[in-house]
Amino acid sequence: MKPQAKNEKIRNIAIIAHVDHGKTTLVDFMLQQSGTFREGQALADRVMDSMDLERERGITIASKNCAAFYKDIKINIIDTPGHADFGGEVERALKMVDGAIMLVDASEGPLPQTRFVLKKALEANLKIIVLINKIDRKDAQAKVVLNDIYDLFIDLDANEDQIEFTVLYAIGREGIAQTTLENPGKDLVPLFEAIYEEVPPPSYDPKAPFQMLVTNLAYSEYLGRLAIGRVFNGSVKKNENMVRVGRENKVAPLKVSSLQVYQGLQYQEVDAVEPGEIVILSGIEDVEIGDTICSQNEPKALKRITVDKPTVAMKIMVNTSPFSGQEGKLVQSRRILDRLYKETLHNVALHVEETESPDSFLVKGRGEFQMAILIETMRREGFELGVSRPQIICKEEDGVKTEPIEHLFVDIPEDFIGIITEKLSLRQGRMINMVNHGTGRVRLEFSIPSRGLIGYRNDFLTDTKGVGLMNSYLMGYEPVRGDIKSRVSGSLVSDRKGETIPYGLFHLEPRGVLFVGPGVAVYEGMIIGEHNRDNDLNVNPCREKKLTNMRASGKDEATTLTPVLPMTLEKAIEFIKDDELVEVTPKSIRLRKTRLQANQRK
């Protein structure tokens, strides 16, 4: 029986966009203007970015919920990530909502990640409100961008209802929305009105028993494990007995010890909830994302959340370097495995598998950026890890080995077209489109194997002198395209344990680019730089100047060293070859050979 009742008091919306188009800033102003915060309350910018890494990088990594109030309705808002690597978060968030605000930059227009999140929203048949943001930019071209958005909807096979979307214009950082470009706005009322009028209220079957889909997990010191999700049918009261339907329809009993809903950014304790509400429920110790919580009398599971399959695999292992255990407090394989499994509870797009070695685990995810965020989070928690080079996960289709292919968008000044097309063709990239608006910059589109992009970002930034933009999304799978030469240079490898000396490093500078400065502890097998040639070279960075009794006729040459750029985690993961690892500790990121002794490497 189809649902026929609607809960008119609630609207559930997601905010979707490409990275850095202003989602989180817009949510700040929606909360402020709806009276969520009291007058004079001290607020941080981007209040939804609660993780340290989100604040540092200025991006959204995990989808988060909050609630604003307008007229007589409650608006549950979900801030979703704009990066395809965190696609699992997007898919999870879209399960909870009936509409989406699609934010597009008035200058950059719809970019690959906009396409990725919009495709997911259209598949879920959500009502879309398009908001063209940053119309105050000097290079804003809102009319051109609007045409691009229509093209994108048509390209994604949007139906007639979906293509009749409402368009608003906004200056997100000032908290202003307007219905036309000509009439300046003064607040976000036009946006609230569009949500009120356009987004359908949640519908439900009044005769169906209670059903709630778990789409997120949290933890409270007082209440234990919290299950967050949307109530699809029925209502629930505090202290009521329910059941949880897990994988393969396994049923487990539970008692609802606490019921909470979102009030701004905080949780508010309630005695009962209605259909369509997003609820935080406690009293369940063992719960996974995708489980259904339902009434005891009629346990009926909702459709589980499905996410795209992982495309990248990486080995995370126990740190076996001579410096193991000196900087981190969590080094045991069991602690690492427990932490990885804990991550899979929150992150539905991540898979962890044990390998033949008890000290090494295979982690599968959407992209190397998603992996880097996980490793960075773990090192901040005190873990020490060894990390291998990312490998692409291939599939067998009708006996043919296929690999993931990315649609790559490159935005560069005209002068760099030659070098970029040459480098990408070496990585099996094929140009499929080129757009030149005559502004001095061009947009190139390539289809390229995912493995061709591993380790390419650094080259790209060097070749475009830091002014190029590069984005991609997964197009699909094609037969394997042939060999791709990874890094052509070799490594400078320390041949002994000790501390680097300026004199030794000064005489190594002609051999390549160094990664370490003076006074750094090194060990045999540790990579201290990139060799000019294609082979590895064992070197002695601890070499001291031999002092003799003889006076030199001239002044000794000063050992002035070239400053060293600090090695970041992403740079390190992109740099290493298959026989190399990244050693990650809370204080250091070191590169090393898998086999440390030089005689074993031969």
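Here the structure is a predicted model, which means the values were calculated and not measured.

## Remarks on the overall build of the chain
Consideration 1: A tally of regular secondary structure across the chain gives 15 helices and 37 strands.
Consideration 2: Here the chain holds 602 residues, and 53% of them are scored as buried.
Consideration 3: Long-range contacts, defined here as pairs at least 24 residues apart, represent 71% of the contacts in the chain between residues at least 6 apart.
Consideration 4: Surface exposure of the chain reaches about 28,500 Å², of which carbon and sulfur atoms provide 48%.

## Description of the pattern of salt bridges
Consideration 1: Counted under the stated rule, the structure contains 26 salt bridges.
Consideration 2: The partner of K9 in a salt bridge is E274, with the nearest N and O atoms 3.3 Å apart. Placement of the pair is K9 in the loop between strand 1 (5-6) and strand 2 (10-17) and E274 in the loop between strand 17 (272-273) and strand 18 (278-282), with a sequence separation of 265 residues.
Consideration 3: Note that R379 and E376 form a salt bridge whose closest N and O atoms lie 3.4 Å from each other. With a gap of three residues between them, R379 and E376 both fall in helix 9 (residues 368-380), about one helical turn apart. Like E376, R379 is buried.
Consideration 4: Taken together, the shared-partner salt bridges connect D536, D579, E580 and K593 into one network.

## Considering the pairing of strand 28 (residues 441-449)
Within a regular strand, side chains alternate between the sheet's two faces.
Consideration 1: With respect to burial, strand 28 is a largely interior element, seven of its nine residues being buried.
Consideration 2: In the sheet, strand 26 (residues 400-413) pairs with strand 28 via nine bridges, with the strands oriented antiparallel. Within strand 28, the position partnered with D411 by the bridge is R443.
Consideration 3: The pairing of strand 27 (residues 430-436) with strand 28 spans six bridges and is antiparallel. Within strand 28, the position partnered with R430 by the bridge is S447.

## As for unusual backbone geometry
Consideration 1: The phi angle at N125 is positive, at roughly 60 degrees, despite the residue not being glycine.
Consideration 2: Position of N125 among the secondary structure elements: in the loop between helix 4 (112-123) and strand 6 (127-133).
Consideration 3: A relative accessible area of 55% means that N125 is categorised as exposed.
Consideration 4: Phi is positive for K134, which is not a glycine, with a value near 60 degrees.
Consideration 5: By the secondary structure assignment, K134 is in the loop between strand 6 and helix 5 (142-155).

## Considering the environment of V435
Consideration 1: With respect to the secondary-structure elements, V435 resides in strand 27.
Consideration 2: The class of V435 is partly exposed, set by a relative accessible area of 27%.
Consideration 3: When neighbours within four sequence positions are excluded, V435 is seen to be in contact with V442 and R443.

## Considerations on the nonpolar core
Among soluble globular proteins, nonpolar side chains are generally buried collectively.
Consideration 1: Among the nonpolar cores identified, the biggest contains 43 residues, and L94, M102, L118, I128, I132, I149 and F153 are the most heavily contacted of them.
Consideration 2: Top contributing element to this core by residue count: helix 5, with six residues.

## Focus: the packing of aromatic side chains
We describe a pair of aromatic rings using the distance from one ring centre to the other and the angle between the two ring planes.
Consideration 1: Scanning the entire structure with this criterion turns up six aromatic pairs.
Consideration 2: Relative to Y523, the ring of F323 has its centre 5.0 Å away and its plane inclined at 90 degrees; by these criteria the two rings are edge-to-face. A residue pair is termed long-range when its members are at least 10 positions apart, and F323 in the loop between strand 20 (312-318) and helix 8 (333-346) and Y523 in the loop between strand 33 (521-522) and strand 34 (526-531) qualify at 200 residues.
Consideration 3: Using a relative accessible area of 0% as the deciding quantity, one classes Y523 as buried.
Consideration 4: Taken together, the ring pairs in this structure connect Y70, F192 and Y196 into an aromatic cluster.
Consideration 5: In this structure, R11 packs its charged tip against the face of Y196, placed 5.6 Å from the ring centre.
Consideration 6: Above the plane of the ring of F232 lies R230, whose end atom (NZ or CZ) is 4.9 Å from the centre.

## Topic: the packing of helix 1 (residues 23-33) against helix 7 (residues 189-198)
Consideration 1: Orientation of helix 1 relative to helix 7, taken along the N-to-C sense of each, is 85 degrees, at an axis distance of 11 Å. Taken together, the axes of helix 1 and helix 7 are roughly perpendicular relative to one another. Residues L26, M30 and Q33 of helix 1 touch helix 7, and the partners they reach there are L191, F192 and I195.
Consideration 2: Split by residue class, the contact of helix 1 with helix 7 holds five nonpolar, one polar and no charged.

## Considerations on the side chain of E406
Consideration 1: In this fold, E406 is placed in strand 26.
Consideration 2: Looking at E406, the relative accessible area reads 12%, which means it is buried.
Consideration 3: A polar contact of 2.9 Å, which involves the side chain of E406, links it to the side chain of S450.

## Thoughts on the confidence of the model for the chain
Consideration 1: Per-residue confidence for the chain averages 79 on the pLDDT scale, and 89% of its residues sit at or above 70.
Consideration 2: Segment residues 37-51 is flagged for pLDDT under 50; beyond a separation of four residues in sequence, or across chains, it makes 37 contacts in the model.

## Re helix 1
Every α-helix winds through 3.6 residues per turn, so residues three or four apart in the chain are directed the same way.
Consideration 1: Helix 1 sits mainly inside the fold: eight of its 11 residues count as buried.
Consideration 2: Those residues of helix 1 lying buried are K23, T24, L26, V27, D28, F29, M30 and L31.

## Details of helix 9
Consideration 1: Between the first and last C-alpha of helix 9 there are 18 Å, a value that for 13 residues agrees with the 18 Å anticipated at 1.5 Å per step.
Consideration 2: Listing the buried residues of helix 9 in full gives E368, F369, Q370, M371, A372, I373, L374, I375, E376, M378 and R379.
Consideration 3: Immediately beyond the C-terminal end of helix 9, within one or two residues, lies G382, with a positive phi of roughly 105 degrees.

## Some points on the side chain of Q260
Consideration 1: Of note, Q260 is situated in strand 15 (residues 258-263).
Consideration 2: For Q260, a relative accessible area of 10% gives the class buried.

## Quick look at the environment of I375
Consideration 1: Counting through the fold element by element, I375 comes out in helix 9.
Consideration 2: Counting along the chain gives 59 residues from I375 to I316, while the straight-line C-alpha distance between them is 8.8 Å.
Consideration 3: Dropping the residues within four chain positions of it, I375 is found in contact with M314, I316, L385, V387, L569, I573 and V584.

Definitions and cut-offs
- Residues numbered from 1 in each chain as written.
- Predicted model: local features only at pLDDT ≥ 70, side-chain atom pairs only at ≥ 80, totals over all residues.
- Heavy atoms only, no water.
- Helix = DSSP H or I, 4+ residues; strand = E, 2+ residues; numbered from the N terminus.
- Buried < 20%, exposed > 50% of the residue type's maximum accessible area, 1.4 Å probe, protein only.
- Contact = heavy atoms within 4.5 Å.
- Areas by Shrake-Rupley, 256 points an atom, 1.4 Å probe, with all protein chains shown as cover.
- Salt bridge = Lys/Arg side-chain N within 4 Å of Asp/Glu carboxyl O.
- Pairing = 2+ DSSP bridges.
- Core = buried A, V, L, I, M, F, W, Y, C linked by side-chain atoms within 4.5 Å.
- Phe/Tyr/Trp six-rings, centres within 6.5 Å; stacked < 30°, edge-to-face > 60°.
- Lys NZ or Arg CZ within 6 Å of the ring centre and 35° of its normal.
- Axes fitted to C-alpha atoms, helices over the stretch in contact; angles between N-to-C directions.
- Parallel < 35°, antiparallel > 145°, perpendicular 65-115°, else oblique.
- Nonpolar A, V, L, I, M, F, W, Y, C, P; charged D, E, K, R; others polar.
- Polar contact = N/O pair within 3.5 Å; in protein donor to acceptor, adjacent residues only side chain to side chain.
- pLDDT = per-residue confidence, 0-100.
- Expected span 1.5 Å × (residues − 1).

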